[in-house]
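One letter stands for each residue in the lines below.
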Amino acid sequence: MRQIRHFINGEYSADPGGRSFEKRSPLDNRVIATVAEATRAEVDAAVRAARAALSGPWGRMTTDERCALLHKVADEITRRFDDFVAAEMADTGQPHHVMTHAFIPRGAANFRVFADTVKNVPTEAFQMATPDGAGALNYGLRLPKGVIGVISPWNAPFLLMTWKVAPALACGNTVVVKPSEESPQTAALLGEVMNAVGIPRGVYNVVQGFGPDSAGEFITTHEEIDAITFTGETRTGTAIMQAAAVGMRDVSFELGGKNAGIVFADADFDAAVDGIFRSAFMNTGQVCLGTERVYVERPIFDRFVQALKLKAEAVKYGRPEDHASNYGPLISQEHRRKVLGYYAKAVEEGATVVTGGGVPELPGELADGAWVQPTIWTGLPETAAVVREEIFGPCCHIRPFDDEAEVTALANATDYGLSTTIWTTNLARAHRVAAKVEVGITWVNSWFLRDLRTAFGGSKQSGIGREGGVHSLEFYTETRNVCIKL
Ligand SMILES: NC(=O)c1ccc[n+]([C@@H]2O[C@H](COP(=O)([O-])OP(=O)(O)OC[C@H]3O[C@@H](n4cnc5c(N)ncnc54)[C@H](O)[C@@H]3O)[C@@H](O)[C@H]2O)c1
Ligand SMILES: O=C/C=C/C=C(\O)C(=O)O
């Protein structure tokens with residue numbers, strides 16, 4: 001049995017007297033690893049190692065030296081590509097091509113992009129007049145914030161964790177990472193990469209465990225953590241924000257969504273069906289940016305629903321190693337209970353189930369996995385629970401609309417504000433709607449197309465702050481203004 005331990009001060013460890021928990025495969029519910037659960041003392045050791053590293057060789061490096069090392073991290077991830085793919089496939093059960101084309105390469109890209117960003121983004125400078133006529137010069141310095149707590153979720157574990165670790169390190173901070181209890185493996189493996197390329201001890205630390213009364217809470221309440229960056233559920237964000245209030249620590253939150261997909265009748269029909277198919281069902285719907293609410297202009301509504309149904313019914317269930325499979329299970333039995341609860345609720349609330357709504361019949365061991373069918377509903381009012389609440393499963397409700405103003409109002413009638421995807425060939429309309437939808441990220445004729453230099457984050461209850469490009473530098477550094485009287 002694989003044993004997953006913490007990575008503290010450059011070494012793998014686990015308190016022999018500490019607790020551990022089982023990690024099960026979502027594919028067949030088999031136990032695939034035993035994971036150590038960090039004690040408060042272990043989290044404390046990780047934080048102390050991270051603090052000490054700030055004044056060690058890491059803290060003395062020039063930006064160029066630091067960024068060269070981060071490029072080596074990216075190169076080493078690429079060299080160990082197959083190990084990362086295998087680790088993440090084991091944790092999440094998601095298809096091989098999603099790992100090899102999207103999630104694992106993004107881990108390496110995160111390190112490259114932020115190493116380059118830090119070197120190339122200038123700070124501000126202002127000349128000012130003074131009464132004596134000599135003037136003064138102001139300029140900004142970006143200094144590391146210190147020890148950053150990184151708390152990440154299970155849905156795209158390596159991508160989402162490195163999206164925060166890479167800019168934090170590029171800016172000269174050190175980190176204590178707590179991956180989700182459902183996806184411990186890639187964060188652990190990254191420790192080997194850090195050691196292989198010579199990242200000094202204590203710069204990258206990982207503690208395994210759960211949230212409340214466990215490693216997550218021990219990090220967020222630790223007074224030596226200078227800032228907390230978190231991706232996960234909005235409810236968890238509220239708890240973390242309360243913890244961060246003590247000691248006035250800064251937070252960056254990427255939270256839940258209930259994102260709208262908007263398809264106008266003039267859209268490229270096949271591209272729109274394809275795009276909404278991906279946005280609703282990729283990663284078995286476990287993508288914060290996914291569309292669980294789809295609005296389709298009435299003249300193409302029936303045709304669109306039928307086309308999406310055909311695609312949903314054609315998914316190929318299977319193990320990720322089986323390259324023909326393009327659809328994985330949910331992350332866990334517990335999450336499946338939640339998603340199936342919503343499937344039942346949709347029926348109670350009077351939905352027309354266009355397709356899916358249950359559990360597929362799968363052969364052999366897969367029958368014990370956390371599988372659910374891709375599911376499409378129509379006919380529900382906007383007040384229905386499945387139209388209002390984030391389900392985080394492979395499902396969407398599709399509703400017809402008649403005009404731009406109506407669909408904009410529908411899209412905005414939610415407490416969330418993460419992303420939207422708009423499908424139209426009318427450019428002026430695309431700009432108009434994009435400006436009116438209250439979200440952090442809008443895609444037109446695409447979805448999840450990511451330029452890492454752009455602002456990423458949510459409005460309303462979908463987050464606080466933005467990361468990406470210069471926005472990440474703003475969060476992961478303290479800006480100091482220096483005013484020189486000439
Ligand atoms: N906006 C984004 O960029 C984005 C990206 C991916 C996922 N998400 C959201 O993440 C959610 C799915 O992920 P999840 O189920 O792992 O989320 P979650 O909030 O349950 O857990 C996320 C992490 O927080 C930890 N945690 C839980 N309670 C904690 C506490 N009280 N203190 C400290 N840490 C705690 C967990 O152990 C885990 O590591 C969805 O809501 C999804 O929309 C958002
Ligand atoms: O499930 C959410 C996926 C989020 C993606 C990113 O945070 C990203 O691409 O940086």
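No experiment lies behind these values; they were computed from the predicted model shown. (Residues numbered from 1 in each chain as written. Chains lettered and ligands numbered in written order. Predicted model: local features only at pLDDT ≥ 70, side-chain atom pairs only at ≥ 80, totals over all residues. Heavy atoms only, no water.)

S.K.: So what exactly am I meant to see when it comes to the pattern of salt bridges here?
M.R.: Side chains bearing opposite charge may pair, as long as their charged atoms lie close to each other. Applying the stated rule across the entire model yields 29 salt bridges. Lys-23 is the partner of Glu-182 in a salt bridge, and the nearest nitrogen-oxygen pair spans 3.6 Å. Residue Glu-182 is located in the loop between strand E9 (174-178) and helix H7 (185-197), and its partner Lys-23 is located in strand E4 (residues 20-24); the two are separated by 159 residues in the primary sequence. Owing to a relative accessible area of 1%, Lys-23 belongs among the buried residues under this scheme. (Salt bridge = Lys/Arg side-chain N within 4 Å of Asp/Glu carboxyl O. Helix = DSSP H or I, 4+ residues; strand = E, 2+ residues; numbered from the N terminus. Buried < 20%, exposed > 50% of the residue type's maximum accessible area, 1.4 Å probe, protein only.)

S.K.: Got a minute to help me understand the UniProt feature "domain: Aldehyde dehydrogenase" (unreviewed entry) in the protein chain in this structure?
M.R.: As recorded in UniProt, the feature "domain: Aldehyde dehydrogenase" (unreviewed entry) lies at residues 19-482. Helix makes up 41% of residues 19-482 and strand 20%, whereas the separation of the span's terminal C-alpha atoms amounts to 49 Å. (UniProt positions renumbered as here; feature names shortened; annotations may be inferred.)

S.K.: Explain the packing of helix H14 (residues 404-412) against helix H15 (residues 427-436) to me, please; I cannot follow it from the model alone.
M.R.: Packed helix pairs are characterised by how far apart their axes lie and by the angle those axes make with each other. The interhelical angle for the contact between H14 and H15, taken along N-to-C directions, is 30°, at an axis separation of 10 Å. In terms of their interaxial angle, H14 and H15 are classed as roughly parallel. Like other packed secondary-structure pairs, H14 and H15 cross with a definite hand, here right-handed. Only Arg-429, Arg-432, Val-433 and Lys-436 of H15 make contact with H14, whose side of the interface consists of Glu-404, Thr-408 and Asn-412. (Axes fitted to C-alpha atoms, helices over the stretch in contact; angles between N-to-C directions. Parallel < 35°, antiparallel > 145°, perpendicular 65-115°, else oblique. Left-handed = near helix turned anticlockwise from the far one by under 90°. Contact = heavy atoms within 4.5 Å.)

S.K.: Whenever I open this one, the domain arrangement of the protein chain confuses me. Can you help?
M.R.: Reports of interface size often rely on the accessible area that becomes lost once the parts have come together. In terms of domains, the protein chain is made up of domain 1 (2-255 + 462-485) and domain 2 (259-451). Using only C-alpha atoms to locate each centre, domain 1 and domain 2 end up separated by 31 Å. Three residues stand out in domain 1 for area buried against domain 2, namely Leu-27, Trp-154 and Ser-462, and they jointly supply 25% of the buried area on that side. Counting across the interface, domain 1 meets domain 2 through one salt bridge. The residue Asp-28 makes a salt bridge to Arg-319 at a minimum N-O spacing of 2.8 Å. Applying the counting criterion to the domain 1 and domain 2 interface returns eleven residue pairs in polar contact (both at pLDDT 80 or more). Within the residue set of the side of domain 1 that touches domain 2, elements represented by two or more residues are helix H4 (81-92) and helix H5 (96-120). For the side of domain 1 that touches domain 2, the element with the highest residue contribution is H5, accounting for five residues. For the side of domain 1 that touches domain 2, the residue count by class is nine nonpolar, nine polar and six charged. (Domains from an automatic or database assignment. Buried area = accessible area lost by both parts, 1.4 Å probe. Polar contact = N/O pair within 3.5 Å; in protein donor to acceptor, adjacent residues only side chain to side chain. Nonpolar A, V, L, I, M, F, W, Y, C, P; charged D, E, K, R; others polar.)

S.K.: Quick question: what am I supposed to make of the site of ligand 1 here?
M.R.: Residues in close proximity to ligand 1 total 29 residues, the closest being Lys-178, Glu-181, Thr-236, Leu-255 and Glu-390. Here Trp-154 contributes a side-chain N or O atom positioned 2.9 Å from an oxygen atom of ligand 1. Interatomic distance of 2.9 Å between a backbone N/O atom of Glu-233 and an oxygen atom of ligand 1. Protein contacts shield 93% of the accessible area of ligand 1, which totals 850 Å² for the unbound molecule. (Near = heavy atom within 4 Å. Areas by Shrake-Rupley, 256 points an atom, 1.4 Å probe, with all protein chains shown as cover.)

S.K.: Could you clarify how one ought to interpret the environment of Val-294 in this entry?
M.R.: Along the chain, the position of Val-294 falls in strand E14 (residues 291-297). In this structure Val-294 comes out as buried when scored by relative accessible area, which is 0%. Residues Val-294 and Thr-229, spaced 65 residues apart in sequence, show a C-alpha to C-alpha distance of 30 Å. Every residue in contact with Val-294, bar those within four places of it in the chain, is listed here: Gly-261, Ile-276, Phe-304, Cys-396, His-397, Ile-398 and Arg-399.

S.K.: What should I look at first to understand the nonpolar core in this one?
M.R.: Within soluble globular proteins, side chains that are nonpolar generally end up buried alongside one another. In this structure, Val-73, Phe-111, Leu-190 and Tyr-204 are the most contacted members of the largest nonpolar core, which totals 67 residues. For this core, the element with the most residues is helix H6 (residues 157-170), which contributes ten residues. Here this core spans two domains, since at least three of its residues come from each of domain 1 (2-255 + 462-485) and domain 2 (259-451). Contact partners of Phe-111, with chain neighbours within four places excluded, come to Leu-70, Val-73, Ala-74, Ile-77, Thr-162, Val-165, Ala-166, Leu-190 and Met-194. Val-354, Val-372, Val-387 and Ile-398 belong to the second-largest nonpolar core, a separate cluster that totals 41 residues. (Core = buried A, V, L, I, M, F, W, Y, C linked by side-chain atoms within 4.5 Å.)

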